[in-house]
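Listed below, chain by chain, are the residues.
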Amino acid sequence: MSPDYTADEMMTVAAARQLRDGTACFVGIGLPSTAANLARVTHAPNLVLIYESGCLGAKPDRLPLSIGDGVLADTADAVVSVPEVFNYWLQPGRIDVGFLGAAQLDRYGNINTTVIGGDYTDPKVRLPGAGGAPEIAASCGEVVVIVRQSLRTFIDRVDFVTSVGYGTGPSDRERLGLRGGGPKTVITDLGVLTADPVTCELTLTRLHPGVTVDQVRAATGWPLAVAEEVTVGEPPTAAELTVLRALEATKKAPH
Amino acid sequence: MAKLVSLAEGVADLIRDGDMVALEGFTHLIPFAAGHEIIRQRRRDLTLVRMTPDVIYDKLIGAGCARRLVFSWGGNPGVGSLHRFRDAVQNSWPVPLELEEHSHAGMANRYVAGASGLPFAVLRGYTGTDLPRHTANIRPIECPFTGETLTAVAALRPDVTVVHAQRADRAGNVQMWGITGVQKEAVLAARRSLVTVEEIVDDLEPVPGQVILPGWAVTAVAHVPGGAHPSYTQGYSVRDNDFYLAWDAISRERAGFQEWIARHVLDAEVPA
């Protein structure tokens, strides 16, 4: 029997479960924003959502259409300027979790959102660029990445390092002077990868229900490290699915 | 004291070919109408500056107004890619577009340095990324007190900054609220500035903290109701999300884009 939820829904629910109540989370638009709001409406009512447009403690009753949606300003504890959000709130390490997406990701959690293929001045694909991500990746207590897993995305070496994960391996973050803890967790549509505390390599630690280790290996562009014991995550609960679908529906509603 | 002008006068007087021009707005209060006027007046060789070049910059780039873009994130927010921006970078159409690329924190601090009259700003950032290799305006710097390595970014000093706001009075004092992004810093960093507003009133309702730009710090103010459409103006209008979604199809092919610009910008009826 096929499950009554999609792989994207499983991924979003798994990402939401990573967020602990009472922590401050720097949220990107798209999947991170959906997962963070799901967490806030379900198990983490005191999750502080911070958007780079300057909205601190936003509590939107619908999913924002963009990072600067008016619903974020209307429901925030405070609205500050963009220099302030980066200089006063992110840079000193006041934010517990940074929640990022990626166009490409490597085994050390380095992220590319700049260019794919060719060289920088003559790329095959021009992506949107860095936005707030480099400093979010550098300064948050830890980083959670949410990204669909495929050979196109999970590649041996990213074409461009937009945001640093663990660089080239152990102690690289310290050498570079990055103060945050780095990308400890990567949530995909297949499972969960966790950075190994010694080697810093992303290691498969959990599968979503119905997914096999071989499937994850086949969607990874490097010899994937696999934990000795790989657990299987809980499927989305009915309550989680209800809230998630209601949130998704708000994107289509007129406002 | 700011001069009250029409939008056409403001653009004609303040923006010249070859200028460095910033049209700021962080998803909110994006000066779309001013961008359309720049296209209508056929400005060329502009260096366009903006943290988040989105649909209005896609139009300016596709219309051939820009030769250089200084930015930190270029996309159609909440929708996807900018096709005219991509076509210019990947295929040099309609003209090659040179890029100077930063992070948001880098750009925000560059404006702060410009507004502060300093040659550079300092931040923790960029370390270990590939961004510094591609721009001379990002350099490592040693802290004179602790010796640690930080990053210096050069000040931004646009020739002109254009922003949209809720209200101004006849002396050009500008009230702005909601998400104010880097608008204040971008105006104060620039040599000249144009603020388009929803309303010009005889007397501003006094709300402490809401006059973001006093009239003597602004060059010109133009009354342009709806000047942020399809973005939004808190308290006046909501985002026209259907347009952002529609832009993806309109901008995908060159011919469709040109037809749209001809009909909706170049030949559009413009109120005086």
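Here, the structure is the one placed above.
Residues numbered from 1 in each chain as written. Chains lettered and ligands numbered in written order. Predicted model: local features only at pLDDT ≥ 70, side-chain atom pairs only at ≥ 80, totals over all residues. Heavy atoms only, no water.

Could you clarify how one ought to interpret the overall build of chain B in this entry?
A count of helical and extended segments in chain B gives 8 helices and 13 strands. Its C-alpha atoms give chain B a radius of gyration of 18 Å, near enough to 19 Å, the size a compact globule of 272 residues would have. Reported as C-alpha extents along the three principal axes, the dimensions of chain B are approximately 60 × 50 × 30 Å. Across the 272 residues that make up chain B, the buried fraction comes to 59%. For chain B, the proportion of contacts with a sequence separation of at least 24, taken over those separated by at least 6, is 74%. A total accessible area of about 10,400 Å² is found for chain B, and carbon and sulfur atoms account for 51% of it. Taking the average location of the 26 positive side-chain charges in chain B and that of its 31 negative ones, the two points are 5 Å from each other. (Helix = DSSP H or I, 4+ residues; strand = E, 2+ residues; numbered from the N terminus. Rg over C-alpha atoms; globule rule 2.2 N^0.38 Å. Buried < 20%, exposed > 50% of the residue type's maximum accessible area, 1.4 Å probe, protein only. Contact = heavy atoms within 4.5 Å. Areas by Shrake-Rupley, 256 points an atom, 1.4 Å probe, with all protein chains shown as cover. Lys, Arg positive; Asp, Glu negative; His and termini not counted. Charge placed at Lys NZ, Arg CZ, Asp CG, Glu CD.)

Looking at this structure, how should I read the pairing of strand β6 (residues 120-123) of chain B?
For a regular strand, the rule is simple: side chains alternate between the two faces of the sheet. Residue and element names in this part refer to chain B. On β6, burial follows the alternation: Ala121 and Leu123 on one face are buried, whereas Phe120 and Val122 on the facing-out side are not. In the sheet, β6 pairs with strand β8 (residues 149-154) via 4 bridges, with the strands oriented antiparallel. Directly across from Phe120, in β8, lies its bridge partner Ala154. (Pairing = 2+ DSSP bridges.)

Which parts of the structure should I look at to understand the interface of chain A and chain B?
In this assembly, 42 residues from chain A lie in contact with 44 residues from chain B. Carbon and sulfur atoms make up 59% of the area that chain A and chain B hide from each other, which totals about 3,500 Å². For the chain A face of the interface with chain B, the top three residues by lost area are Tyr120(A), Arg126(A) and Pro128(A), together amounting to 18%. Viewed at the interface, chain B and chain A are joined by 1 salt bridge. For Arg126(A), the salt bridge goes to Glu101(B), with nearest N and O atoms at 2.6 Å. Taken together, the links from chain A to chain B amount to 18 residue pairs in polar contact (both at pLDDT 80 or more). Secondary-structure elements contributing two or more residues to the side of chain A that touches chain B are α3 (70-75), α4 (82-90), β9 (122-126) and α5 (133-139) of chain A. (Buried area = accessible area lost by both parts, 1.4 Å probe. Salt bridge = Lys/Arg side-chain N within 4 Å of Asp/Glu carboxyl O. Polar contact = N/O pair within 3.5 Å; in protein donor to acceptor, adjacent residues only side chain to side chain.)

How should I be thinking about the environment of Ala195(A) in this particular structure?
Residue and element names in this part refer to chain A. Here Ala195 shows up in strand β12 (residues 191-195). The exposure class of Ala195 is buried, given its relative accessible area of 14%. Separated by 11 residues in the primary sequence, Ala195 and Lys184 have C-alpha atoms spaced 5.0 Å apart. Apart from residues no more than four positions distant in its own chain, Ala195 is found in contact with Tyr166, Pro183, Lys184, Cys200, Glu201 and Leu202.

It is not clear to me how the sheet that holds β12(A) should be interpreted in this structure. Could you clarify?
One key point about sheets: their strands pair by backbone hydrogen bonds, in either a parallel or an antiparallel sense. Residue and element names in this part refer to chain A. Strand order in the open sheet formed by 10 strands is β4-β3-β2-β1-β5-β10-β11-β12-β13-β14, with mixed pairing between adjacent strands. The open sheet has two free edges, formed respectively by β4 (78-79) and β14 (225-232), since each of these has just one partner strand. Examined bridge by bridge, strand β1 (residues 24-27) and strand β5 (residues 97-100) share 3 bridges and lie parallel to one another. Each residue of the ladder has a partner; that of Phe26, found in β5, is Gly98. On top of the sheet, helix α2 (residues 31-41) reaches β1, β2 (48-51), β5 and β10 (142-146); it is set at about 160° to β2, its chief contact. (Axes fitted to C-alpha atoms, helices over the stretch in contact; angles between N-to-C directions.)

Help me understand the pairing of strand β3 (residues 46-50) of chain B in this model?
Residues and elements named next belong to chain B. β3 sits mainly inside the fold: 5 of its 5 residues count as buried. Across the two faces of β3 the burial is the same, with Leu46, Leu48 and Arg50 and Thr47 and Val49 all buried. Handedness of the crossover joining strand β2 (residues 20-23) and β3 through helix α2 (residues 32-40): right-handed. The pairing of β3 with strand β4 (residues 66-71) spans 5 bridges and is parallel. Note on β4: the bridge partner recorded for Arg50 is Phe71. Handedness of the β-α-β unit built from β3, helix α3 (residues 55-62) and β4 comes out right-handed. (Right-handed = clockwise from strand over helix to strand, strands pointing away.)

I keep staring at the environment of Gly93(A) and nothing clicks. Help me out?
Residue and element names in this part refer to chain A. Along the chain, Gly93 turns up in the loop between α4 and β5. Accessibility expressed as a relative area gives 43% for Gly93, which makes it partly exposed. Along the chain, Gly93 and Ile136 lie 43 residues apart, while their C-alpha atoms are 9.6 Å from each other.

Explanation requested: unusual backbone geometry in the structure shown.
For residues that are not glycine, phi is negative in most cases, and the peptide bond is trans in most cases. All names here are of chain B. That bond from Trp93 to Pro94 is cis: its omega, 0°, falls within 30 degrees of zero. With an omega of 10°, the peptide bond between His229 and Pro230 qualifies as cis. Unlike most non-glycine residues, Arg42 shows phi in positive territory, near 50°. Residue position: Arg42 is located in the loop between α2 and β3. Judged by its relative accessible area of 49%, Arg42 falls in the partly exposed class. You will see that Asp45, though not glycine, has its phi angle at about 60°, which is positive. Along the chain, Asp45 turns up in the loop between α2 and β3. Residue classification places Asp45 among the partly exposed positions, given a relative accessible area of 43%.

Explain the packing of aromatic side chains to me, please; I cannot follow it from the model alone.
Between two aromatic rings, the relevant description is the distance of the centres plus the angle of the planes. Residues and elements named next belong to chain B. Using the criterion set out here, one finds 9 aromatic pairs over all chains in the structure. Between Phe71 and Phe85, the aromatic rings sit 5.7 Å apart at their centres with planes inclined by 75°, giving edge-to-face as the arrangement. With Phe71 in strand β4 and Phe85 in helix α4 (residues 83-91), this residue pair connects regions lying 14 residues apart in the sequence. Both residues of the pair, Phe71 and Phe85, belong to the buried class. An aromatic cluster of three or more residues is present, and its members are Phe243, Trp247, Phe257 and Trp260. For the cation-ring pair, Lys59 lies above Trp247, with the distance from its terminal atom to the ring centre recorded as 5.4 Å. (Phe/Tyr/Trp six-rings, centres within 6.5 Å; stacked < 30°, edge-to-face > 60°. Lys NZ or Arg CZ within 6 Å of the ring centre and 35° of its normal.)

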